[in-house]
Amino acid sequence: MVACGCKCETTEQAQLIEQLDRIIDEYRGQPRGLIQVLHKAQELVGYCPKWVQVRVAEGLGVSLQEVYGVVTFYALFSLIPKGRHKISVCAGTACYVKGTKMVVKAIRQHLGIKPGQTTEDSRFSLETVRCIGACGLAPAMIIGKDVHGRLEPEQIPEILEQYQ
Amino acid sequence: MNNLNEIRAKYTEQFQQKSKRARIVVGLGTCGIAAGGDKVMEAIKQEVAARNLDIDIDFTSCIGMCYREPIVEVALPGMASVIYGDIFPDKVSQLIESHVVNKQPVTEWAAMQIPEGRTEYDGIVTMDKSAYYEKQVRTVTSRLGRTNPESIEDYIATGGYEAIEKALSMDRLAVIDEVKKSGLRGRGGAGFSTGMKWTFVYNAQGDKKYAVCNADEGDPGAFMDRSVLEGDPHGVIEGMMIGGYAIGADEGYIYCRAEYPLAIRRLNLAIAKAEKLGLLGENILGSGFNFRIRIKAGAGAFVCGEETALLNSIEGQRGMPRVRPPFPANKGLWQKPTTLNNVETYANVPFILRKGADWYAGMGTEKSKGSKVFCLTGKINNTGLAEVPMGITLREVIFNIAGGIQDGKQFKAVQSGGPSGGCLPAEKLDLPIDYESLGAVGAIMGSGGLVVMDENTCMVDVARFFLNFTQNESCGKCIPCREGTKRMLEILTRICDGEGKVEDMDTLERLANVIKTASLCGLGQTCPNPILTTLRYFRHEYEAHIIDKRCPAGVCNALLVYKIIAENCTGCGACRRVCPVGAISGENKQPHTLDTAACIKCGGCVSKCKFDAIIRG
Ligand SMILES: Cc1cc2nc3c(=O)[nH]c(=O)nc-3n(C[C@H](O)[C@H](O)[C@H](O)COP(=O)(O)O)c2cc1C
Ligand code: FES
């Protein structure tokens, strides 16, 4: 097992750590790679828990405070686990004037979660984000990697059904 | 390879061959894909295979008519290209049957045709006469929707990399002079002369310099940079190369927001292909000029669009602005002289070099030259991308190009410049669009997002929306911005909740002016603009909220009162059944009544009523 300083015991975790180390290797000792490494680390682990931050800090040669500062500064990094499907409802201006509120309300009604929360079965997490660049199709949202535009509240249940 | 003559001849020949064959092209920009473009592409491939047709299938980026996505182009040899809108998979079979097999375009689905010297069809408007494009010019957007953005061959065949060849044969100062003479000003917001900026970096002392491209496009309601990156990535790369050569840089960075995965992918692809042809790397075209470009993805912070915050972010730190001076021209990325320009700014440069500064300066107004790409969004009929000459009026853009207000509603305001910009009322519609005119009325050109609002939009709510945005995005480094935005947001929320006080309007104005003058970076310096302009042009709406406790647009929930208009009510009972708190009562076929004290203002009754008998206001 890799010596990682945390309490990982399962082989699954050990594998995760090995993969993380490979990501870190690309920028080992180079503080400038911090954001790039965190992007990839989050893709791998799903979020940026403390053990990831510690490992990244040591690998790139920056302090843990700095890593924590960066993780909490940027909206894309998360300290808590997300659902399997991440719903990002656009709350940019164009979408706002065309009904972001209605879309969020419909999702809330359907899933019972507010922006910032994850469903109990970890299927969905919901958040509002700034403009996703699909303003021409406002109101819009992203689920996983798919952009859905010209949303009507009635379509929400059907769209969510596609994601299990 | 010392010049591109040979491969240019080859690619141009290929490009011309393409138009000699029948082809179907699907628009696959982010907007096209969001509207279902990839499913249409699938359907077309299946249909073509099933019918065993001899026809080329290709894809392109967004031509600009987002309101007609998914968009499909069909071109037969010698005949004009027909651009079809709203083509969903279920229309594909009929489209191919009619246009490809029977050679009869489906006129009622066609948005326009593009002849480009080929035979025109009857009954379809040509692009240059269509309502959407008649007043537009296409420079930066000329390849959008017309070439395959992932093909360097298409780019070179349409004049690509001619400008860098020309630049490399010129003296570096002559290149800067040409850009200066064109009058090009930064398209990222502030509108600083690009030629001047490059002169500063040229003159700065240092062995290492950088050219950085700002592709953070943070303004909500703006997507022109995304469209240009997705549709003409080589154009931006070539612009950066010219900038890099002119200032003496050998390295460039593109800072692109992570929310644009397709743009990042196409940029990466474009860079790899340019490197393969030797257009990026060492000793480019035998000139001795070396240049490499790297991409950095952002991580979701609006303030990173600010130039010094962006540089910190590239360096791997939190995106907090630096105190200026020193300016990036002297101490930028890793403290080296750096020029930072917007995507659209760079994309203009190859055209200026190729067609000449005089050609470029021939468009626009005295102080704002050339053309500008705008994103038309909000409550208008035609949402999309439009490139217009500077100096065109807001009215022409909103009522001619964007086709006026949706559902025949009244125009109320247009928001220009995002969270740093302002909301302008109908009286300002005849204003020419240029940096000075917009600045004089409290708005800004900004990056080019125009969000149009109708009578159903509450301007106080809009001001609160923007403040909520800037307060969230304030990085917290300087106090006027960090604390000030919070206080202003509190006041606006109070007003929307019906608890506003008369003196709140003065307090807002005072706070706004302090924040404007005392903040460290552009975020704080401009974030009061939405409040100041709404106070200036829509004061009556603030007064209605504060004094009459009323929201005229019917948006602010706390101020709404639901009423049943007896004359319109048929007594169908739909509202009574849907009301979750039993606030509506009445006999069948008799006008109902609504108990305002019990009403929780959920709006359920309004959406159920088929007779417009329930109003809120
Ligand atoms: C808060 C804030 C956000 C900004 N966001 C962007 C942006 O998303 N894209 C951009 O090109 N410029 C943005 N700018 C302007 C840049 O600071 C800078 O002026 C610009 O990139 C310079 O390029 P230009 O001269 O080509 O316009 C922003 C400025 C501020 C203060
Ligand atoms: S405002 Fe929603 S995609 Fe731009």
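Conventions used here
- Residues numbered from 1 in each chain as written.
- Chains lettered and ligands numbered in written order.
- Predicted model: local features only at pLDDT ≥ 70, side-chain atom pairs only at ≥ 80, totals over all residues.
- Helix = DSSP H or I, 4+ residues; strand = E, 2+ residues; numbered from the N terminus.
- Buried ≥ 20, exposed ≤ 12 C-beta atoms within 10 Å, placed from the backbone.
- Contact = placed C-beta atoms within 7 Å.
- Rg over C-alpha atoms; globule rule 2.2 N^0.38 Å.
- Near = placed C-beta within 6 Å.
- Domains from an automatic or database assignment.
- Core = buried A, V, L, I, M, F, W, Y, C linked by C-beta atoms within 7 Å.
- Pairing = 2+ DSSP bridges.
- Axes fitted to C-alpha atoms, helices over the stretch in contact; angles between N-to-C directions.
- Nonpolar A, V, L, I, M, F, W, Y, C, P; charged D, E, K, R; others polar.
- Parallel < 35°, antiparallel > 145°, perpendicular 65-115°, else oblique.
- Left-handed = near helix turned anticlockwise from the far one by under 90°.
- pLDDT = per-residue confidence, 0-100.
- Right-handed = clockwise from strand over helix to strand, strands pointing away.

**Side note on the overall build of chain A**
Reasoning step 1: The helix and strand tally for chain A stands at seven helices and four strands.
Reasoning step 2: Listing the helices and strands of chain A from first to last along the sequence gives α-α-α-α-β-α-α-β-β-β-α.
Reasoning step 3: If one aligns the C-alpha atoms of chain A with their principal axes, the spans along those axes are about 50 × 30 × 20 Å.
Reasoning step 4: Of all 164 residues assigned to chain A, the portion counted as buried reaches 39%.
Reasoning step 5: In chain A, the proportion of contacts linking residues at least 24 apart, taken out of those at least 6 apart, comes to 58%.

**A closer look at the overall build of chain B**
Reasoning step 1: Check the secondary structure of chain B and you find 24 helices and 18 strands.
Reasoning step 2: Computed over its C-alpha atoms, the radius of gyration of chain B comes to 27 Å, within 12% of the 25 Å expected for a compact globule of 617 residues.
Reasoning step 3: Judged by the C-alpha coordinates and their principal axes, chain B covers about 85 × 65 × 40 Å.
Reasoning step 4: Put simply, chain B has 617 residues, and 52% of those count as buried.
Reasoning step 5: Restricting to contacts in chain B with at least 6 residues of sequence separation, those with at least 24 account for 71%.

**Looking at the site of ligand 1**
All names here are of chain B.
Reasoning step 1: Lining the immediate surroundings of ligand 1 are 22 residues, of which Gly186, Gly188, Gly305, Asn342 and Gly522 lie closest.
Reasoning step 2: Those elements giving two or more residues to the shell around ligand 1 turn out to be β9 (338–342) and α20 (522–526).
Reasoning step 3: Of all the elements, β9 adds the most residues to the shell around ligand 1, at three residues.
Reasoning step 4: Residue-level mapping places the shell around ligand 1 at the junction of two domains, with at least three residues from each of domain 2 (161–360) and domain 4 (459–546).

**Quick look at unusual backbone geometry**
Residues and elements named next belong to chain B.
Reasoning step 1: Cis geometry marks the peptide bond from Glu69 to Pro70, where omega comes out at -5°.
Reasoning step 2: Along the chain, Pro70 turns up in the loop between β2 (56–60) and β3 (72–75).
Reasoning step 3: Backbone torsion omega between Arg324 and Pro325 reads -10°, so that peptide bond is classified as cis.
Reasoning step 4: Within the secondary structure, Pro325 sits in the loop between α12 (307–314) and β9.
Reasoning step 5: Backbone geometry at Tyr161 places phi at a positive 60°, although glycine is not the residue there.

**Some thoughts on the nonpolar core**
Reasoning step 1: Counting residues in hydrophobic clusters, the biggest one holds 222 residues, and the most contacted among them are Leu38(A), Ala140(A), Ile242(B) and Val397(B).
Reasoning step 2: Contacts of Ile242(B), omitting those with residues within four sequence positions, involve Ala163(B), Ile164(B), Ala167(B), Val175(B), Val349(B), Pro350(B) and Leu353(B).

**Observations concerning the sheet that holds strand β6 (residues 210–215) of chain B**
All names here are of chain B.
Reasoning step 1: Reading across the sheet, the four strands line up as β8-β7-β6-β9 and stay open at both edges, with parallel pairing between neighbours. In this open sheet, the two strands that pair with only one neighbour each are β8 (292–297) and β9. Pairs of neighbouring strands in the sheet enclose a mean axial angle of 20°, with direction left out of account.
Reasoning step 2: Note that β6 and strand β7 (residues 251–256) share six bridges and pair parallel. From the neighbouring strand, Ala211 faces β7, where its bridge partner is Gly252.

**Notes on the pairing of β9(B)**
Reasoning step 1: Here β9(B) lies mainly inside the structure; five of its five residues are buried.
Reasoning step 2: Judged by which residues are buried, β9(B) turns out to be covered on both faces: Thr338(B), Leu340(B) and Asn342(B) on one side and Thr339(B) and Asn341(B) on the other are all buried.

**A word on the interface of chain A and chain B**
Reasoning step 1: Facing the 32 residues of chain A at the interface are 37 residues of chain B.
Reasoning step 2: Where the side of chain A that touches chain B is concerned, the elements lending two or more residues are α2 (34–45), α4 (64–73), α5 (93–97) and β4 (146–148) of chain A.
Reasoning step 3: Broken down by element, the side of chain A that touches chain B gets its largest block of residues, four residues, from α5(A).
Reasoning step 4: Broken down by class, the residue content of the side of chain A that touches chain B amounts to 20 nonpolar, nine polar and three charged.

**A short note on the packing of helix α1 (residues 11–25) of chain A against α2(A)**
Residues and elements named next belong to chain A.
Reasoning step 1: Two numbers describe how α1 lies on α2: the axes approach to 10 Å, and their chain directions differ by 160°. When the axis of α1 is compared with that of α2, the two are roughly antiparallel. In the packing of α1 onto α2, the handedness of the crossing is right-handed. Contact with α1, carried on its side by Leu16, Gln19, Leu20, Ile23 and Ile24, involves Val37, Lys40, Ala41, Leu44 and Val45 of α2 and no other residues of that element.
Reasoning step 2: The class makeup of the residues in the contact of α1 with α2 is eight nonpolar, one polar and one charged.

**Things to note about the sheet that holds strand β5 (residues 110–114) of chain B**
Residues and elements named next belong to chain B.
Reasoning step 1: Read from one edge of the open sheet, five strands run β2-β1-β3-β4-β5, paired in mixed fashion. The sheet is open, and its two borders are formed by β2 and β5, each paired with just one other strand. In this sheet, adjacent strand axes meet at a mean angle of 20° when their direction is disregarded.
Reasoning step 2: Inspection of the sheet shows β3 paired to strand β4 (residues 81–84) by three bridges, in the antiparallel sense. Counterpart to Val74 in the pairing with β4 is Val82.
Reasoning step 3: Here helix α3 (residues 37–51) sits on the sheet and contacts β1 (23–27), β2 and β3; the angle it forms with β1, its principal contact strand, is near 160°.

**Regarding the domain arrangement of chain B**
All names here are of chain B.
Reasoning step 1: In terms of domains, chain B is made up of domain 1 (19–129), domain 2 (161–360), domain 3 (371–454), domain 4 (459–546) and domain 5 (561–616).
Reasoning step 2: Averaged C-alpha coordinates put domain 1 and domain 2 at centres separated by 35 Å.
Reasoning step 3: Each partner contributes to the interface: domain 1 provides four residues, whereas domain 2 provides five residues.
Reasoning step 4: Residue classes in the side of domain 1 that touches domain 2 are distributed as one nonpolar, three polar and no charged.

**Section: the confidence of the model for chain B**
Reasoning step 1: Looking at chain B, pLDDT values average 95 and 100% of them are 70 or higher.
Reasoning step 2: The ipTM assigned to the predicted complex is 0.89, against a pTM of 0.93.

**Section: the packing of α2(A) against helix α3 (residues 50–60) of chain A**
Residue and element names in this part refer to chain A.
Reasoning step 1: Between α2 and α3, the least distance of the axes is 11 Å, while the angle of their chain directions is 145°. Where α2 crosses over α3, the two elements pack in a sense that is right-handed. Contact with α2, carried on its side by Leu34, Val37, Leu38, Ala41 and Val45, involves Val52, Val56 and Leu60 of α3 and no other residues of that element.
Reasoning step 2: Among the residues forming the contact of α2 with α3, the class breakdown is eight nonpolar, no polar and no charged.

**Looking at the domain arrangement of chain A**
Reasoning step 1: Assigned domains of chain A: these are domain 1 (11–73) and domain 2 (85–161).
Reasoning step 2: Measuring from the centre of the C-alpha atoms in domain 1 of chain A to the corresponding centre in domain 2 of chain A gives 29 Å.

**Here's the deal with the pairing of β8(B)**
Residues and elements named next belong to chain B.
Reasoning step 1: Pairing of β7 with β8 involves six bridges; the strand directions are parallel. The residue bridging Glu251 from the neighbouring strand is Arg292, located in β8.
Reasoning step 2: On the question of chirality, the crossover connecting β7 to the parallel β8 by way of helix α11 (residues 261–276) is right-handed.

**Focus on the environment of Gly149(A)**
Reasoning step 1: Relative to the helices and strands, Gly149(A) resides in the loop between β4 and α7 (156–161).
Reasoning step 2: Considering only alpha carbons, one finds Gly149(A) and Gly136(A), 13 residues apart in sequence, at a separation of 8.6 Å.
Reasoning step 3: In this structure, Gly149(A) is in contact with Ala134(A), Leu137(A), Ala140(A), Ala34(B) and Ala35(B), ignoring residues within four places of it in sequence.

**Re helix α13 (residues 343–355) of chain B**
Residue and element names in this part refer to chain B.
Reasoning step 1: Along α13, eleven of the 13 residues are buried, which leaves the element largely enclosed by surrounding structure.
Reasoning step 2: Of the positions making up α13, those classed as buried are Val343, Glu344, Thr345, Tyr346, Ala347, Asn348, Val349, Pro350, Phe351, Ile352 and Leu353.
Reasoning step 3: Within two residues after α13, Gly356 carries a phi angle of roughly 95°, on the positive side.

**What to know about the environment of Arg138(B)**
All names here are of chain B.
Reasoning step 1: Tracing the chain through its elements places Arg138 in the loop between β5 and α5 (152–157).
Reasoning step 2: Arg138 gets classed as partly exposed once you count the C-beta atoms within 10 Å, which come to 19.
Reasoning step 3: Taking the C-alpha atoms as reference, Arg138 lies 37 Å from Leu535; in sequence the two are 397 residues apart.

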